[in-house]
Amino acid sequence: MPLPAEPAAPARVVVLVSGSGTNLQALLDAVAERGPAYGAEVVAVGADRSGIEGLARAERAGLPTFVCRVRDYPTREAWDAALAEAVAEHRPDLVVSAGFMKIVGAAFLARFGGRFVNTHPALLPSFPGAHAVRDALAHGARVTGCTVHFVDAGVDSGPIIAQRAVEIRDTDDEAALHERIKDVERGLLVEVVGRLARDGYSIEGRKVFIP
Ligand code: GAR
């Protein structure tokens with residue numbers, strides 16, 4: 001009898017963070033709990049600032065980290081190229097922006113376009129940008145949620161992979177609503193990264209297909 005085929009190596013994932021890193025933690029927990037069956041492993045964590053809980057989570061997990069601060073580079077383009085280089089050193093199959101509050105540029109997308117995934121706390125194309133939760137509340141929306149999508153050259157405008165809805169309550173303030181969104185978002189991100197890694201995917205125009 002032929003030996004079973006060698007199981008595919010887990011997809012290598014670099015995660016970028018700017019803050020508390022609870023989405024990163026959800027990915028780390030999935031890898032720890034599910035092992036190779038999850039299909040992906042986090043190989044490094046990068047940030048645009050130091051001293052954040054997201055980096056501390058990575059260090060506690062024994063992962064390599066790197067910091068690329070815009071102000072350390074003469075131009076935004078130089079920062080973007082340096083970030084791309086720092087990520088590339090870890091040979092990722094996928095790069096995940098999990099609360100990374102920077103827009104990447106042409107150099108980064110030239111290298112990682114089509115495999116750079118972002119999670120956003122609103123149902124895109126509604127409420128793109130850095131204040132999605134506040135904007136949904138201010139608009140009087142009754143339903144918002146989260147979107148996991150591929151990053152393109154626009155702001156939160158790339159092909160959508162998956163979305164989940166969250167109802168807005170009359171009693172919600174920004175912090176309460178964001179916490180309820182993040183509860184849902186963490187599960188969605190873990191599910192999407194695992195499916196992309198295990199099953200592969202194709203992007204045709206604005207549509208993402210996972211077999
Ligand atoms: C998440 O809700 C993520 O969608 C949001 O930041 C939060 C990070 O939480 N990102 C954006 O708003 C990007 N525009 P975390 O640090 O606890 O994972």
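Residues numbered from 1 in each chain as written. Predicted model: local features only at pLDDT ≥ 70, side-chain atom pairs only at ≥ 80, totals over all residues. Heavy atoms only, no water.

K.L.:
What exactly am I supposed to notice about the UniProt feature "binding site: N(1)-(5-phospho-beta-D-ribosyl)glycinamide" (unreviewed entry) in the protein here?
P.N.:
Taking the UniProt record as the reference, the feature "binding site: N(1)-(5-phospho-beta-D-ribosyl)glycinamide" (unreviewed entry) is found at Gly21, Thr22 and Asn23. Inspection of the secondary structure assignment puts Gly21 in the loop between β1 (11–17) and α1 (22–34). A relative accessible area of 7% places Gly21 in the buried class. If sequence neighbours within four positions are ignored, Gly21 has contacts with Gly54 and Arg57. Mapped onto the elements of the fold, Thr22 is located in helix α1. When residues no more than four places from it in sequence are discounted, the contact partners of Thr22 are Arg57, Lys182 and Arg186. (UniProt positions renumbered as here; feature names shortened; annotations may be inferred. Helix = DSSP H or I, 4+ residues; strand = E, 2+ residues; numbered from the N terminus. Buried < 20%, exposed > 50% of the residue type's maximum accessible area, 1.4 Å probe, protein only. Contact = heavy atoms within 4.5 Å.)

K.L.:
Quick question: what am I supposed to make of the site of the ligand here?
P.N.:
Taken together, 13 residues are adjacent to the ligand, and Ser20, Thr22, His178, Lys182 and Glu185 come closest. Contact distances for the ligand include 2.9 Å between an oxygen atom and a side-chain N or O atom of Asn23. Measuring from an oxygen atom of the ligand, one finds a side-chain N or O atom of Glu185 at 2.3 Å. Out of a free accessible area of 450 Å², the ligand has 92% covered by protein chains. For the shell around the ligand, the elements supplying multiple residues, two or more each, are α1, β5 (116–120) and α6 (174–199). Among the elements that take part in the shell around the ligand, α6 stands out by supplying three residues, more than any other. (Near = heavy atom within 4 Å. Polar contact = N/O pair within 3.5 Å; in protein donor to acceptor, adjacent residues only side chain to side chain. Areas by Shrake-Rupley, 256 points an atom, 1.4 Å probe, with all protein chains shown as cover.)

K.L.:
I tried to follow the environment of Ala130 on my own but got confused; where do I start?
P.N.:
Turning to its location among the elements, Ala130 is positioned in the loop between β5 and α5 (132–139). A C-alpha to C-alpha distance of 9.0 Å links Ala130 and Lys102, two positions 28 residues apart in sequence.

K.L.:
How do you make sense of unusual backbone geometry when you look at a structure like this?
P.N.:
Glycine aside, a negative phi is what most residues show, and trans is what most peptide bonds show. For the bond running from Leu124 to Pro125, omega is 10°, close enough to zero to count as cis. Relative to the elements of secondary structure, Pro125 occurs in the loop between β5 and α5. The phi torsion at Phe127 lies on the positive side, around 55°, for a residue other than glycine. Topologically, Phe127 is positioned in the loop between β5 and α5.

K.L.:
So what exactly am I meant to see when it comes to the pattern of salt bridges here?
P.N.:
Two side chains that carry opposite charge are able to pair once their charged atoms sit near each other. If you walk through the whole model with that rule in mind, you get 10 salt bridges. For Arg60, the salt bridge identified is with Glu53, shortest N-O distance 2.7 Å. Residue Arg60 is classed as exposed on the basis of its relative accessible area of 57%. The class for Glu53 is partly exposed, based on a relative accessible area of 35%. With its nearest N and O atoms 2.8 Å apart, the salt bridge here joins Arg142 to Asp170. Here Arg142, found in the loop between α5 and β6 (143–150), pairs with Asp170, found in the loop between β7 (160–167) and α6; they are 28 residues apart in sequence, far enough to count as distant. (Salt bridge = Lys/Arg side-chain N within 4 Å of Asp/Glu carboxyl O.)

K.L.:
So what exactly am I meant to see when it comes to the UniProt feature "site: Raises pKa of active site His" (unreviewed entry) in the protein here?
P.N.:
In this numbering, the UniProt entry assigns the feature "site: Raises pKa of active site His" (unreviewed entry) to Asp156. Beyond its immediate sequence surroundings of up to four residues, Asp156 is in contact with Asn118, His120, Leu124, Pro128, Gly129 and His149. Engagement of the side chain of Asp156 in a polar contact is seen with the side chain of Asn118, the distance being 3.3 Å.

K.L.:
I'm lost on the packing of aromatic side chains in this one. Help?
P.N.:
Within a pair of aromatic rings, the relevant descriptors are the distance that separates the centres and the angle that separates the planes. Under the counting rule described, the total for this entry stands at three aromatic pairs. Judged by centre distance (5.0 Å) and plane angle (50°), the rings of Phe108 and Phe112 are tilted. Of this pair, Phe108 and Phe112 both sit in helix α4 (residues 106–112), separated by four residues, roughly a single helical turn. The class for Phe108 is buried, based on a relative accessible area of 0%. Phe112 sits in the buried class, given a relative accessible area of 3%. Consider the rings of Phe108 and Phe116, whose centres lie 4.9 Å apart with planes at 55°: the pair is tilted. (Phe/Tyr/Trp six-rings, centres within 6.5 Å; stacked < 30°, edge-to-face > 60°.)

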